[in-house]
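Next come the chains, spelled out residue by residue.
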Amino acid sequence: MVDYQKIFDDIWNGISVFAGVGHQADYIPALAKVNPDQFGMCLQEVSGAVHTYRQADERFSIQSISKVFALAMCLSLKGESLWKRIGKEPSGTAFNSLVQLEVEKGIPRNPFINAGAIVLSDILITELERPEDEFLGFVRELCGEPGVDYNMDVAMSEREHGFLNAAIANMLKSHGTIVNDIERVLMFYFKMCSVEMTCRELAAAFMAFADRSPFCFAGYSLTNSQIKRMNAVMQTCGFYDEAGEFSYLVGLPGKSGVGGGIVAICPQRYSVAVWSPRLNSKGNSVMGMKALELLTTYTEESIF
Ligand code: GLU
């Protein structure tokens, strides 16, 4: 049996040297206000055992981690036809880059860069009568916490300063990749990003991608084969232009967000969420990346 509490202590000893490195995402003013010197971690085993460390019960902005939930809903609704509008190749460019989108004629490389998730937002608006309620209902059921909610201050703060995302949405619209009103699509995208969860709640939510029980939450179901594909996209595209580095250092599928959260999955073993707001130049949590690298090093367990 692995002593995860002891491993958490060892991880903390290994990463505390990085405290103070990097800074929180200040291009979204509401996120710049978050105390950057926080760290939380939660690992949930498939057996149901939960191990927490430090601020594992502090809610934070999940930002791009929400893209995994949006993808799960879209895959459930659209199946393989989803991939006609979005690719599934790593982008190798920043999460908010416009260059590739222009060259590739408005088809986003993958669902986890902003352009891809804005298309997911468009699909959910087309398919659902009340997309905001449906999205929240899905996430709440995944993590078993009815208190999970949008943070409208964060969503509005991003809307006011989201010039690059507006440019991406306009380019998508000019290529016909999104069909709904641009303002509507963007606002739903910003709301999804603004959802706040704790490490404990994120680890619980991602358990659905880590074990083999039937996936059916709030009426959205996925087959084991679709879950395999979701994990494949997380493995190859979950960390912006640092997906290769994360794969090399950690060796697990996962997804990060500019709120400083990272969630990863060890299939059939556990899901793990870590949070620390200071980011590196690629937009990934400095201490979070290091913590997960040490986790798979100390446990000698990864998908490889
Ligand atoms: N809401 C953020 C944005 O669109 C999400 C970025 C992220 O977490 O990667 O810029």
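Here the structure is shown first, and the text comes after it.
Thresholds applied
Residues numbered from 1 in each chain as written. Predicted model: local features only at pLDDT ≥ 70, side-chain atom pairs only at ≥ 80, totals over all residues. Heavy atoms only, no water. Axes fitted to C-alpha atoms, helices over the stretch in contact; angles between N-to-C directions. Helix = DSSP H or I, 4+ residues; strand = E, 2+ residues; numbered from the N terminus. Left-handed = near helix turned anticlockwise from the far one by under 90°. Contact = heavy atoms within 4.5 Å. Nonpolar A, V, L, I, M, F, W, Y, C, P; charged D, E, K, R; others polar. Near = heavy atom within 4 Å. Polar contact = N/O pair within 3.5 Å; in protein donor to acceptor, adjacent residues only side chain to side chain. 1 Å grid on protein atoms, 1.4 Å probe; cavity = no way out; pocket = protein on both sides within 12 Å on 5 of 7 lines; lining within 4 Å. Sits in = over half its atoms within 2 Å of the grid points. Points joined across faces, edges and corners; volume = space filled by probe spheres on them. Salt bridge = Lys/Arg side-chain N within 4 Å of Asp/Glu carboxyl O. Buried < 20%, exposed > 50% of the residue type's maximum accessible area, 1.4 Å probe, protein only.

**Re the packing of helix 5 (residues 114-127) against helix 8 (residues 163-174)**
Packing of helix 5 against helix 8 brings their axes to within 10 Å, and their N-to-C directions diverge by 65°. Where helix 5 crosses over helix 8, the handedness of that crossing is right-handed. Counted together, Asn-114, Ala-115, Ile-118 and Val-119 of helix 5 and Asn-165, Ile-168, Ala-169 and Leu-172 of helix 8 form the full contact between these two elements. When the residues that make up the contact of helix 5 with helix 8 are grouped by side-chain class, the tally is six nonpolar, two polar and no charged.

**Quick word on the site of the ligand**
Lining the immediate environment of the ligand, one finds Tyr-27, Gln-63, Ser-64, Phe-95, Asn-114, Glu-158, Asn-165, Tyr-189, Cys-193, Tyr-240, Gly-257 and Val-258. A distance of 2.9 Å separates an oxygen atom of the ligand from a polar atom in the side chain of Asn-114. Side-chain polar atom of Tyr-240 to an oxygen atom of the ligand: 2.4 Å apart, as the coordinates give it. More than half of the atoms belonging to the ligand lie within 2 Å of the grid points that define the second largest cavity. Looking at the shell around the ligand residue by residue, the classes come out as six nonpolar, five polar and one charged.

**Some words on empty space enclosed by the protein**
Overall, the coordinates contain two cavities of 30 Å³ or more when judged by the stated rule. One number sums up the size of the largest cavity: a volume of about 60 Å³. Lining of the largest cavity is provided by Thr-93, Ala-94, Phe-95, Ser-97, Gln-100, Leu-101, Glu-104, Ile-107, Pro-108, Arg-109, Ile-113 and Ala-115. Tallied by class, residues from the lining of the largest cavity come to seven nonpolar, three polar and two charged. Roughly 50 Å³ of volume is contained in the second largest cavity. Forming the walls of the second largest cavity are Tyr-27, Gln-63, Ser-64, Lys-67, Phe-95, Asn-114, Tyr-189, Cys-193, Tyr-240 and Val-258. Tallied by class, the residues present in the lining of the second largest cavity amount to six nonpolar, three polar and one charged.

**A word on the pattern of salt bridges**
Summed over all chains, the structure comprises 15 salt bridges. For Glu-104, the salt bridge goes to Arg-109, with nearest N and O atoms at 2.8 Å. A relative accessible area of 25% means that Arg-109 is categorised as partly exposed. Through salt bridges with shared partners, a single ionic network connects Glu-132, Arg-184 and Lys-191.

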